[in-house]
Amino acid sequence: MAKFFFEFSGGLGPLIRCLPIANYLRELGHDIIYFGHPECRYYMNELKYQHIELDVVKLVDSDIEVKSNWINADEFWASSGFSNKVFLKREIDVWINKIKEYNPDVIISDLGVFSSLVARILGIPIATITQSCYHTRAAYKPQRYWENQSKLCTKSLDAINYVLDSYGAPLLNCFEEIFVGNITIIPSFPEFDKLMDKELIDDRTYYVGPILWEGLT
């Protein structure tokens, strides 16, 4: 039996993508624990999954305005406080202590920044579920790729590399690199998802088509 730790980012999309994987692993007899935002916990509790409790550090105000027309992933997470080095370091310390306590064999992260960072720091194998626009291969094709790329935000990247460096972990070349794991899963089709070029896909990145859980219906 192996121990798997899941982190879901906000919204129900990560829940829908991760639950089929978690259900399959549990059927095989593996131990599952997860961290997810409140909107997904109702469904996870109904299915008897254990939620990890974290003494989350209170988020300080960001110097980046939250807006809907963010130009790249770095700017989106910066608007949630990830550009603040002090907040990020304190938060990662909390996560590292809790992950060490559970001692998972594998981390599975669906756009989960914290577990992805902890995996790099502690050297835990990680499988990531991501969108093609958040893959490092598309790092310099931002969401609004027609805009001037000189506007790309790197404030979160700077803070993240500060934290990684404090632990002696390898630094990132771009924010999107955090969503690339030992195995990276993209729940889409390369013929449909034009943000990714098929010839640039490495042998650890897999297009698998949609991953769906129908329990919401």
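Residues numbered from 1 in each chain as written. Predicted model: local features only at pLDDT ≥ 70, side-chain atom pairs only at ≥ 80, totals over all residues. Heavy atoms only, no water.

### Some words on the packing of helix α3 (residues 73-82) against helix α6 (residues 155-166)
Thought 1: Contact pair α3 / α6: the axes reach a minimum separation of 7 Å and the direction vectors enclose 65°. Touching D74, W77, A78 and F82 of α3 are K155, S156, L157 and A159, all from α6.
Thought 2: Residue classes in the contact of α3 with α6 are distributed as 5 nonpolar, 1 polar and 2 charged. (Axes fitted to C-alpha atoms, helices over the stretch in contact; angles between N-to-C directions. Helix = DSSP H or I, 4+ residues; strand = E, 2+ residues; numbered from the N terminus. Contact = heavy atoms within 4.5 Å. Nonpolar A, V, L, I, M, F, W, Y, C, P; charged D, E, K, R; others polar.)

### Description of a nonpolar patch on the surface
Thought 1: Together, I183, Y206 and V208 give the surface a local cluster of nonpolar side chains, amounting to about 270 Å² of exposed area.
Thought 2: For V208, the location among the structural elements is in the segment after β7 (205-207).
Thought 3: Given the relative accessible area of 45%, V208 is considered partly exposed. (Patch = residues over 30% accessible without salt bridge, like charges linked within 9 Å, V, L, I, M, F, W, Y side chains within 5 Å. Areas by Shrake-Rupley, 256 points an atom, 1.4 Å probe, with all protein chains shown as cover. Salt bridge = Lys/Arg side-chain N within 4 Å of Asp/Glu carboxyl O. Buried < 20%, exposed > 50% of the residue type's maximum accessible area, 1.4 Å probe, protein only.)

### Structural notes on the packing of helix α4 (residues 85-102) against helix α5 (residues 113-122)
Thought 1: Closest axis-to-axis distance for the α4/α5 pair is 10 Å, and the angle between their directions is 70°. Between α4 and α5, the crossing angle belongs to the class labelled roughly perpendicular. Crossing angle aside, the handedness with which α4 passes α5 is right-handed. Residues F87, L88, E91, I92, W95, I96, I99 and K100 of α4 form the contact with α5, whose own contacting residues are F114, S115, L117, V118, I121 and L122.
Thought 2: Here the contact of α4 with α5 is composed, by residue class, of 11 nonpolar, 1 polar and 2 charged. (Parallel < 35°, antiparallel > 145°, perpendicular 65-115°, else oblique. Left-handed = near helix turned anticlockwise from the far one by under 90°.)

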